[in-house]
Amino acid sequence: MTAVGIDAIEIWTGNLKLDLPGTFAPEKGEDPEKYTKGLGLNASSFPDSYEDIVTMGANAAHRLMERKGLEPDDIGRIDVATESAFDNSKPVSTYVAGCLEQVFDGDFHHANKGERKFACIAGTQSLDDAYNWIRAGRNRGRSAIVIATDTALYARGDAGEATQGAGAVAMLISEDPNLVELSAEQGYGSADETDFLKPNQQFPSVDGKRSVQVYLARMREALEDYESVAGDVHPDDFEYAPFHTPFPGMVRKAAMLAYRHVIRDTSVEDELADEIGRQPRPEAFDDDEAFREAVREYMDELKETEAYQEWYAETIDPTLSISREVGNWYTGSVHIARASALKHALESDRDMTGERLLVGSYGSGAQAEIHSEVVQDGWEDEIEALNVESQLEARYDMSWADYEEVHDVHNHDMDVDVEEFTAPESEFVFDGWGRMGERKYRYVE
Ligand code: COA
C-alpha cells in the first residue's frame, strides 16, 4: 500500500515576543523560575497589530507552496484547524485561499475547504481527514494543505496568561510523503469534560488544574486504546514522542506517567526492580488510597533513575525546544513538537529514516489521540528547509506596556488602534474591514 502522510511542513510565528522570566514574571511579582523551570517556558509569541490567524496561516501555506513548487491546481483540500475563529459561518480556509490567490496564478475553486474545531486536537483531526480523503482515492492525484493556526490569548489576569502564544503550522499531506507516514492504527480517549471552553466568547474559561488532570486521564485512555490495535508500546520502539505541549511542564508530567505504563511487564521494569522494586499492582492492596500512595512513592523513585532520565532526555526533551520559545499554539502545538524532535535529530546527526515517532494529541473538552509515524527518507531536506530559528530571533521583544497594548488590540471587545511594532515584509497583512464585516487582507512585498 502506498504511504500517506506529511510531505512537508512550514512554521510561521507571530512577529512579537513576550519574555516570560524577564518581563512577565517581575510584573506578576513571581519568581522567574516558575516559568523557566515550573512551566518550562522562556517566551510567548504574539501577533503584531496586522497579524491574525489568517495572516499566519496564509504565510505558512505560502512558504510551503513556494518551497515545494506547487500551483493551486495541485491542491484538492484546504483545511484549517483553529480554536480562535472570528466567524461562526465563513471558514478561515476561504480567507486563506483568497490570500494565496493574490500571489499565485490560478485559483482553488475546485479544492474542498473546511474548518475543524475540537480545541487543540483539531489540527491532528484535519490530518486524519486529509489522510482518509487520499486513502479513499478521492484526491485525483492532488495533495491537501492542513493549517493549524491560533492566537492563544487568555483574559488578562487569568492563570493561563502565562501560557499564551500565537503561530501557525502548514502541512502538505500527500501520497509517498517526504517527511513521515501516518499509521492506520490510532487510539482515542474521549469524554465529555468541562476543563476549557469558550461559549461564544473570545477568551477561554479555564479550570487550569483540572485541565492538567483531564489531559493525563484522556492520554492514558488513548494509549491503552492504541495498544489494543497496534500491540504493546515499548520505550525502545520510538525515537521521539511528540505530545501536545500547552507548556513543557505538562509534557514532563505526561511523560512520567507514560513511562511507568510502557515499562510495566517489560525487561526495563525487571532491570529496575533491584534499584526501586517492582511497580505496585492494585490487587496487592486492600484499599485504593494505599495503592495510590505506593504508586506516588514508586514514581518519585522512578523519576530519579538513570533509565528514566536517559529516556526523557533522548525521547521527550528534544520535542520541547520550539515550544519553550513560543508558548501554546493550541492546534499547532503537537506539530511544532514533531518539528522540534526532527530538528534535534538533524542537529545531532541521528539517522531517522525508517524510525518511528509516537505522537500524542490532545484537545480540551476533551479528547486525546495517539498514533505512530514512520520517518521517510526525504526528512532531512524537509527539516533543513525550516527557518524557524531566524523567525524566532527576528521577533520584536515587547516591554510590559507594549504587551498591554497588543493584548488590547487583539481583544475583540476593544476598539484600539496601535502602531505596528514590526515592518511586514513578504507577508500577508490584515487590511481592515469590508462592508459586511468581513476581514480584508493584502500581500506586502
Ligand atoms: N521554581 C520552580 N518551579 C516552580 C516555581 C519556582 N519558583 N514556582 C512554581 N513552580 C512550579 C509549580 O510547582 C508547578 O509545577 P508542578 O505542577 O509540577 O507542581 C508549575 O511551576 C506551575 O505552577 P502553578 O503554581 O501550578 O501555576 P499556576 O497556578 O499559575 O497554573 C496552569 C498553571 C498550567 C494551571 C495555568 O498556567 C493554566 O491555567 N494554563 C492554561 C490551561 C492549560 O494550559 N492546561 C493544560 C492542559 S491543555
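Below, the structure is looked at part by part. Position numbers for residues count from 1 along each chain, tracking the sequence in the order it is written. Only residues with pLDDT of at least 70 get local features here, since the model is predicted, and only at 80 or more are side-chain atom pairs given and counted; chain-wide, interface and lining totals rely on the full set of residues. As a rule here, side-chain values come from all non-hydrogen atoms in the structure, and water together with hydrogens is ignored.

Some words on the pattern of salt bridges
Oppositely charged side chains can form a pair if their charged atoms are brought close together. To keep it simple, the criterion reads: For salt bridges, the criterion is a side-chain nitrogen of Lys or Arg within 4 Å of an Asp or Glu carboxyl oxygen. We count a stretch as a helix when DSSP gives it H or I for four or more residues in a row; a strand needs E for two or more, and each element gets its number in order from the N terminus. The buried label goes to any residue with under 20% of its type's maximum accessible area, the exposed label to any with over 50%, and the partly exposed label to all in between, with areas taken from a 1.4 Å probe on protein chains only.
If you walk through the whole model with that rule in mind, you get 30 salt bridges. The shortest N-O distance in the salt bridge between glutamate 30 and lysine 34 comes to 3.2 Å. As a salt-bridge pair, arginine 350 and glutamate 239 come within 3.2 Å of each other at their nearest N and O atoms. On the criterion of sequence distance, the pair formed by arginine 350 in the loop between α12 (333–347) and β11 (356–363) and glutamate 239 in the loop between α6 (208–230) and α7 (248–263) is long-range, its members being 111 residues apart. With a relative accessible area of 18%, arginine 350 lands in the buried category.

Points about the pairing of strand β8 (residues 180–190)
Going by this rule: The criterion for strand pairing is that DSSP finds at least two bridges linking the strands in question.
In this sheet, β8 lies alongside strand β1 (residues 4–13) in antiparallel orientation, the contact comprising two bridges. Paired with isoleucine 6 across the strands is valine 180, a residue of β8. Both β8 and strand β12 (residues 367–375) contribute to a ladder of eight bridges, which runs antiparallel. Bridge assignment links glycine 187 to a residue of β12, and that residue is isoleucine 370.

Considerations on the sheet that holds strand β4 (residues 75–81)
Adjacent strands of a sheet pair through backbone hydrogen bonds, lying either parallel or antiparallel. The condition is simple: Each axis is a line fitted through C-alpha atoms, taken for helices only over the stretch in contact, and angles between the N-to-C directions span 0 to 180 degrees. Residue contacts follow a heavy-atom distance rule, with two residues in contact if any of their heavy atoms lie within 4.5 Å.
Spatially, the eight strands line up as an open sheet ordered β5-β4-β6-β7-β1-β8-β12-β11, and their pairing is mixed. A strand with exactly one partner marks an edge of an open sheet, and here the two such strands are β5 (112–116) and β11. Going from strand to strand, the sheet's axes swing by 25 degrees on average, the running direction of each strand aside. Alignment of β1 against strand β7 (residues 165–175), held across nine bridges, turns out to be antiparallel. Paired with tryptophan 12 across the strands is alanine 168, a residue of β7. Lying over the sheet, α6 contacts β8, β11 and β12, oriented at roughly 120 degrees with respect to β8.

Some remarks on the site of the ligand
For clarity, the threshold we go by: Residues are counted as near a molecule or strand when any one of their heavy atoms sits within 4 Å of it. We call two N or O atoms a polar contact when they sit within 3.5 Å, provided that within protein one can donate a hydrogen and the other can accept it, with sequence-adjacent residues counted only if both atoms are side-chain atoms. Only Asp, Glu, Lys and Arg are considered charged in this grouping, and only Ala, Val, Leu, Ile, Met, Phe, Trp, Tyr, Cys and Pro are considered nonpolar; every other residue, Gly among them, is considered polar.
Lining the immediate environment of the ligand, one finds 18 residues, of which Asp31, Lys34, Lys209, Ser211 and Lys253 sit closest. Between an oxygen atom of the ligand and a side-chain N or O atom of lysine 209, the distance comes to 2.5 Å. Looking at which element gives the most residues to the shell around the ligand, the answer is helix α2 (residues 32–39), with five residues. Tallied by class, residues from the shell around the ligand come to seven nonpolar, five polar and six charged.

What about the nonpolar core?
Threshold: What makes a nonpolar core is a set of buried Ala, Val, Leu, Ile, Met, Phe, Trp, Tyr and Cys residues whose side-chain atoms join them at distances within 4.5 Å.
Membership of the largest hydrophobic core comes to 55 residues, with the highest contact counts inside it found for Phe24, Phe46, Tyr215, Leu302, Leu358 and Ile370. Not counting chain neighbours up to four residues away, the residues in contact with phenylalanine 24 comprise Leu18, Asp19, Tyr35, Glu161, Ala162, Trp400 and Tyr403. Counting residues in hydrophobic clusters, the runner-up holds 36 residues, among them Val180, Val359, Val375 and Ile383.

Describing the sheet that holds strand β13 (residues 396–397)
Pairing is mixed in the open sheet, where three strands are placed in the order β3-β2-β13. Of all the strands in the sheet, just β3 (43–46) and β13 have a single pairing partner and so form its edges. Of the strand pairs in this sheet, strand β2 (residues 16–19) and β13 are connected by two bridges, and their pairing is parallel. Note on β13: the bridge partner recorded for lysine 17 is aspartate 397.

As for the packing of aromatic side chains
Note the following rule: When two rings of Phe, Tyr or Trp (its six-membered ring) have centres within 6.5 Å they constitute a pair, described as stacked for plane angles under 30 degrees, edge-to-face for angles over 60, and tilted for the intermediate range. Criterion for a charge above a ring: Arg CZ or Lys NZ at most 6 Å from the ring centre, at most 35 degrees from the ring normal.
With the rule as written, the count across this model stands at 20 aromatic pairs. On the numbers, 5.9 Å between centres and 50 degrees between planes, the contact of phenylalanine 24 with tryptophan 400 is tilted. Of this pair, phenylalanine 24 sits in helix α1 (residues 20–28) while tryptophan 400 sits in helix α15 (residues 400–409), and the two are 376 residues apart along the sequence. Each of the two residues, phenylalanine 24 as well as tryptophan 400, counts as buried. Seen in terms of ring centroids, tyrosine 154 and tyrosine 330 are 6.4 Å apart; in terms of plane orientation they differ by 70 degrees. Their pairing is edge-to-face. Residue tyrosine 154 is found in the loop between β6 (143–152) and β7, and its partner tyrosine 330 is found in the loop between α11 (321–326) and α12; the two are separated by 176 residues along the sequence. Taking the relative accessible area as the measure of exposure, tyrosine 154 reaches 5% and is therefore buried. With relative accessibility at 1%, the residue tyrosine 330 sits in the buried group. An aromatic cluster is built from Phe24, Tyr35, Phe46, Trp400 and Tyr403, whose rings are joined through pairwise contacts. Over the ring of tyrosine 95 we find lysine 90, and its NZ or CZ is 4.5 Å from the ring centre. Its end group placed over the ring of phenylalanine 86, arginine 439 keeps NZ or CZ at 4.8 Å from the ring centre.

Note that every value here comes from positions in space, so none of it alone points to a role or purpose.
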